[in-house]
Amino acid sequence: MNGKAHLVPVSERQAGQRLDNFLLRELKGLPRSRIYRLIRRGEVRVNQGRRKPETRLAAGDKVRIPPHRGSHPATPGQPSAKLKQRLIDSILLENGAMLILNKPANLPVHGGSGIALGLIEALRQTRPEWAEAELAHRLDRETSGCLVIAKSAEFLRHFQLALRVGEVAKRYLALVHGNWPGHLTRIDLPLRKNRLASGERIVRPDPAGKSASTAFQVRERLLGATLLEIQLETGRTHQIRVHCQTAGHPIIGDQKYSRATPAIQHKHLALHASQLSFHPSPGKTPVHIKAPLPKNFTQMLKTLQQDSEK
């Protein structure tokens, strides 16, 4: 058992963070599933009251950290020189308030259960001025593309508010199995997180779940596949992957949501956060960022194009 229950005050810099993200940093090394269990059981309190994981914290709030079993290392794993350089090379934009990276595929955005080092932990150790950087949003481990990192508390609050009110435009490119129907330009289907008996987390359509809306546009038809441009109107976990699966056209390389043996097999998920647009703050010039496709996605697309021309 790690220590006794204690109160941790929320600083000005931490204001606006979700409760679960706050705890992930306070309880380094504790599995994400354990953190959610502590919140669900009411063992974590904010100003003496029970709260949900998505609760936004305010400066001066007092968060009760309960005693818990599990690892709690003082420092995360150490990034290699190669990983540090890879992160530096992935920068699309940097200023005093933020970083925007072209996140590599198969790199988790943060450490957690079974993961000693994520992108944000590595980034904080890459340059001194990034030591207090925070994730402004997330991408799945397997997904590449535009990822926003906050360097200031003010920008973090602004960006997360813009996300909540739908003022951040996010576009993706995806290669899906089969011939996507031309008439299917939008899917509105509520989603709910589930946990299987094995412990695996999975998202499924559920009328009782959270609303989820995705817009689709066919960019190119290929032999046995379709290149889609996708716009997220909500940001639910695995939203694009589940909506594509539900439509009968799962994303190529999706090991979680494409259970049947597909005609086209690939070890990388063909999903890329290609564009991001938002206002960094009132009165500032809007930010429009495009992230180049990763090499594995480009190679797969080229192979499919060549096969389609035969």
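Now for a look at the structure at hand. All residue numbers refer to position in the chain's written sequence, counted from 1. Since the coordinates come from a predicted model, pLDDT governs what is reported: local features require at least 70, and pairs of side-chain atoms require 80 or more to be given and counted, while whole-chain, interface and lining totals use all residues. To get the side-chain values, all heavy atoms of the structure are used, and hydrogens and water are removed first.

A helix here means a DSSP run of H or I that spans at least four residues, while a strand means a run of E at least two residues long, and both kinds are numbered starting from the N terminus. A count of helices and strands for the protein chain gives 7 helices and 16 strands. Compactness check: the protein chain gives a C-alpha radius of gyration of 20 Å against a globular reference of 19 Å for 310 residues, within 12% of the reference. Along the longest, intermediate and shortest principal axes, the C-alpha atoms of the protein chain span 65 × 45 × 40 Å. Only protein chains enter the accessibility calculation, which uses a 1.4 Å probe. A residue is then buried if its area is under 20% of the maximum for its type, exposed if over 50%, and partly exposed in between. Of all 310 residues assigned to the protein chain, the portion counted as buried reaches 46%. Here the contacts in the protein chain between residues at least 6 apart in sequence split such that 65% fall between residues at least 24 apart. Only the protein chains shown count as cover for residues, and the accessible areas themselves come from Shrake-Rupley with a 1.4 Å probe. Carbon and sulfur atoms make up 50% of the accessible area of the protein chain, which amounts to about 15,600 Å² in all. Mean positive and mean negative side-chain charge positions of the protein chain (50 and 25 charges, respectively) differ by 6 Å. Only C-alpha atoms enter the radius of gyration; for comparison, a globular chain is expected to reach 2.2 Å times N to the power 0.38, where N is the number of residues. Note on definitions: a residue-residue contact is assigned when non-hydrogen atoms from the two residues lie within 4.5 Å. For this count, His and the chain ends are skipped, Lys and Arg are scored as positive, and Asp and Glu as negative. Charged groups are reduced to one reference atom each: NZ for lysine, CZ for arginine, CG for aspartic acid, CD for glutamic acid.

The subject of this paragraph is the pattern of salt bridges. Each salt bridge in this description consists of a side-chain nitrogen of Lys or Arg and a carboxyl oxygen of Asp or Glu lying within 4 Å of one another. Enumeration according to the criterion identifies 12 salt bridges in this entry. Salt-bridge contacts for K151 lead to E94; the nearest nitrogen and oxygen are separated by 2.8 Å. Within this pair, whereas K151 is found in the loop between β8 (144–150) and α5 (153–164), its partner E94 is found in strand β5 (residues 91–94), the two being separated by 57 residues in sequence. By relative accessible area, which is 18% here, K151 ends up buried. E94 gets classed as partly exposed once you look at its relative accessible area, which sits at 34%. Close ionic contact of E229 with R219 constitutes a salt bridge, the shortest N to O distance being 2.8 Å.

With respect to the helices and strands, the residue E134 is situated in strand β7 (residues 134–135). Owing to a relative accessible area of 13%, E134 belongs among the buried residues under this scheme. We define a polar contact as two N or O atoms separated by no more than 3.5 Å, with the added condition that, inside protein, one atom must be a possible hydrogen donor and the other a possible acceptor, whereas residues neighbouring each other in sequence contribute only through side-chain atom pairs. Among the polar contacts made by the side chain of E134, one reaches the side chain of R124 at a distance of 3.2 Å. Leave out the neighbours within four places in its chain, and E134 touches Q17, R25, I120, R124, I149, A150 and L156.

Let us now look at the sheet that holds strand β1 (residues 6–9). The strand order β1-β4-β2-β3 describes an open sheet built from 4 strands, whose pairing is antiparallel. Bordering the open sheet on either side are β1 and β3 (49–50), each of which pairs with just one other strand. Whether two strands pair depends on DSSP finding at least two bridges between them. Where strand β2 (residues 45–46) meets strand β4 (residues 62–65), 2 bridges bridge the pair, whose relative direction is antiparallel. From the neighbouring strand, R45 faces β4, where its bridge partner is R64. With axes taken as lines fitted to C-alpha atoms, and helix axes fitted only over the stretch in contact, angles between N-to-C directions fall between 0 and 180 degrees. This element, helix α1 (residues 19–26), spans β1, β2 and β4 of the sheet and lies at about 55° to β4.

On to unusual backbone geometry. The residue Q48 is not glycine, and still its phi comes out positive at about 70°. Within the element layout of this structure, Q48 appears in the loop between β2 and β3. Of note, the phi angle at H238 is positive, near 60°, even though the residue is not glycine. Along the chain, the position of H238 falls in the loop between β14 (225–232) and α6 (239–246).

This part covers the environment of R40. Assignment of secondary structure puts R40 in helix α2 (residues 32–40). Spatially, the C-alpha atoms of R40 and P53 are 8.3 Å apart, while their sequence positions differ by 13 residues.

Because an α-helix packs 3.6 residues into every turn, residues spaced three or four apart end up facing the same way. If you check α5, its first and last C-alpha atoms are 17 Å apart, about what 12 residues at 1.5 Å a residue would give, namely 16 Å. Of all the positions in α5, only A153, F155, L156, F159, Q160 and A162 are classed as buried. If you follow the buried residues of α5, they end up packed against β6 (98–103), β7, β8 and β15 (271–278). To estimate the expected span of a helix, count its residues, drop one, and scale the result by 1.5 Å.

Working definition: an aromatic ring pair is given by the centre-to-centre distance plus the angle between the planes. Within 6.5 Å between ring centres, the rings of Phe, Tyr and Trp (the latter by its six-membered ring) count as paired, and their orientation is classed by plane angle as stacked under 30 degrees, edge-to-face over 60, tilted in between. Scanning the entire structure with this criterion turns up 4 aromatic pairs. When the centroid spacing of 6.2 Å and the interplanar angle of 55° are considered together, the rings of F155 and F278 count as tilted. Of this pair, F155 sits in helix α5 while F278 sits in strand β15, and the two are 123 residues apart along the sequence. The class of F155 is buried, set by a relative accessible area of 4%.

It is worth spelling out the state of the cysteines at this point. Two cysteine sulfurs form what is called a disulfide whenever their separation falls within 2.5 Å. Tallying each qualifying case throughout the model produces 0 disulfides. With no disulfide of its own, C146 lies 18 Å from the sulfur of C244, the closest cysteine sulfur. On the accessibility criterion, C146 (3% relative accessible area) is buried. Look at C244 and you get buried, because its relative accessible area is 0%.

Grouping buried Ala, Val, Leu, Ile, Met, Phe, Trp, Tyr and Cys residues that are joined through side-chain atoms within 4.5 Å yields what is termed a nonpolar core. If you look at the biggest cluster of nonpolar residues, it comprises 45 residues, and the most contacted ones within it are L123, I149, L175 and I251. Residues in contact with I149, not counting those within four places in the same chain, are A97, M98, L99, L101, L119, I120, L123, A133, E134, L135, A136 and F155.

Moving on to a positive patch on the surface. Like-charged residues are merged into a patch within 9 Å and nonpolar side chains (Val, Leu, Ile, Met, Phe, Trp, Tyr) within 5 Å, provided each residue has over 30% relative accessible area and no salt bridge. Together, R40, K52, R138, K193, R195, R201, K210 and R236 give the surface a local cluster of positive charge. Judged by its relative accessible area of 58%, R40 falls in the exposed class.

Our next topic: the environment of R50. Within the fold, R50 resides in strand β3. Between the alpha carbons of R50 and R64 there is a distance of 10.0 Å; along the sequence they are 14 residues apart. Aside from chain neighbours lying at most four places away, what touches R50 is R40, R41, G42 and R45. At 2.8 Å, the side chain of R50 and the backbone oxygen of R40 are in polar contact.

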